[in-house]
Amino acid sequence: AGKNRKRQDYRLDILIRDSDRAVREEVANKGYGLDVLVHDPDMYVRYAVARQGYRLDILMHDPSSYIRAEVAEQGYGLEQLVNDPDYTVRTEVARQGYGLDQLINDPVATVRMEVAMQGYGLMKLIHDSDIVVRDCVEKQLRKRAAEQNLPEPKFSRQKSKGKVR
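Scope of this entry: the structure provided in the associated data block. (Residues numbered from 1 in each chain as written. Predicted model: local features only at pLDDT ≥ 70, side-chain atom pairs only at ≥ 80, totals over all residues. Heavy atoms only, no water.)

Some details on unusual backbone geometry
Stated formally: Note on conventions: DSSP H or I runs of at least 4 residues are helices, E runs of at least 2 residues are strands, and numbering of each starts at the N terminus.
Even without being a glycine, arginine 55 presents a positive backbone phi close to 50°. Mapped onto the elements, arginine 55 comes out in the loop between helix 4 (43-51) and helix 5 (56-59).

A short note on the packing of aromatic side chains
The condition is simple: Aromatic rings from Phe, Tyr and Trp, with only the six-membered ring used for Trp, were paired whenever their centres fell within 6.5 Å, and each pair was classed as stacked if the ring planes differed by under 30 degrees, edge-to-face if by over 60, and tilted otherwise. Relative accessibility thresholds used throughout: buried, under 20% of the residue-type maximum; exposed, over 50%; partly exposed, between the two (1.4 Å probe, protein chains only).
Tallied over the full model, the rule gives two aromatic pairs. Ring geometry for tyrosine 44 against tyrosine 66: centres 6.1 Å apart, planes inclined by 70°, an arrangement best described as edge-to-face. With tyrosine 44 in helix 4 and tyrosine 66 in helix 6 (residues 65-73), the pair connects residues that are 22 residues apart, well separated along the chain. Look at tyrosine 66 and you get partly exposed, because its relative accessible area is 38%. With 4.3 Å between their ring centres and 20° between their planes, tyrosine 47 and tyrosine 66 make a pair best called stacked. Residue tyrosine 47 is found in helix 4, and its partner tyrosine 66 is found in helix 6; the two are separated by 19 residues along the sequence. An aromatic cluster is present here, built from Tyr44, Tyr47 and Tyr66 joined pairwise through their rings.

As for helix 4
The condition is simple: Here, two residues are considered to be in contact whenever any of their heavy atoms come within 4.5 Å of each other. The definition of a polar contact used here is a pair of N or O atoms within 3.5 Å, where within protein one atom must be able to donate a hydrogen and the other to accept one, and adjacent residues in sequence count solely through side-chain atom pairs.
Listed in full, the buried residues belonging to helix 4 are Val45, Arg46, Tyr47, Ala48, Val49 and Ala50. Against the buried residues of helix 4 lie helix 2 (21-29), helix 3 (34-37), helix 5 and helix 6. Backbone nitrogen of tyrosine 44 and a side-chain oxygen of the N-cap are separated by 2.8 Å at the start of helix 4; the cap is aspartate 42. After helix 4 finishes, the residue glycine 53 shows a positive phi value of roughly 80°.

Looking at the packing of helix 6 against helix 8 (residues 87-95)
Think of two packed helices as two axes; the pair is described by the angle between the axes and how far apart they sit. Condition: Lines fitted to the C-alpha atoms define the axes, with helices restricted to the stretch that makes contact. Angles between their N-to-C directions range from 0 to 180 degrees. Orientation labels follow simple angle bins: below 35 degrees gives roughly parallel, above 145 gives roughly antiparallel, 65 to 115 gives roughly perpendicular, and whatever is left gives oblique. Ten residues, namely Ala, Val, Leu, Ile, Met, Phe, Trp, Tyr, Cys and Pro, are considered nonpolar, four, namely Asp, Glu, Lys and Arg, are considered charged, and the remaining ones, Gly among them, are considered polar.
Remark: helix 6 packs on helix 8, axes separated minimally by 8 Å, with the N-to-C direction vectors making an angle of 10°. Here helix 8 runs roughly parallel to helix 6, going by the angle between their axes. Contact residues: helix 6 offers Ser65, Arg68, Ala69, Ala72 and Glu73, while helix 8 offers Thr88, Val89, Glu92 and Val93. When its residues are assigned to classes, the contact of helix 6 with helix 8 shows four nonpolar, two polar and three charged.

Written as C-alpha cells, this is what we have:
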C-alpha cells in the first residue's frame, strides 16, 4: 500500500504542473499541491485553492476580485476587504455581516442592498436614493412584521417594477 501511495503522490506532483488549467484546478479541488497552486497564474486554479481555505492571507491580496470575494465568503480578512475597491468583494463582506455601519454608506446600491438584506439600518435605507434598495428594505420590514405577528407595514410609494442591475 505504501508503494501505491508513493506512486500516486508522484503522479499528483506531475499534475500540479500540468499545462491544462482544468487539470491543475481539479488537483486543487482535491486539496493537493496547494502550496504550489496558491501561486498559479490561472485565476480559476487560485479560486479552487481559496475554496479549500488555504493561505487566505495571500489570496486576500489577489489581483482577481473573484478570488478576494471567495476569501471574504470564508470570513477571512474582512477588516481589510471591507475597503476593497471592487463592489462585489464589499458585497460579500456585507453578506458576512461585517462592517455594516460603514457599508450602509457605500456608493454602490448593490452593497447597500446587501446591508438591508442583513436587516441593518433599515430605517435609514428606507430613504435610499435607489429604488431597488428601498424595495429590499420594504421586504425586510414586511418579513419582520410577519415574524412578530404585527400588522403589515404600509408604504406610501408605488412599488418598483425594475430589476436589479
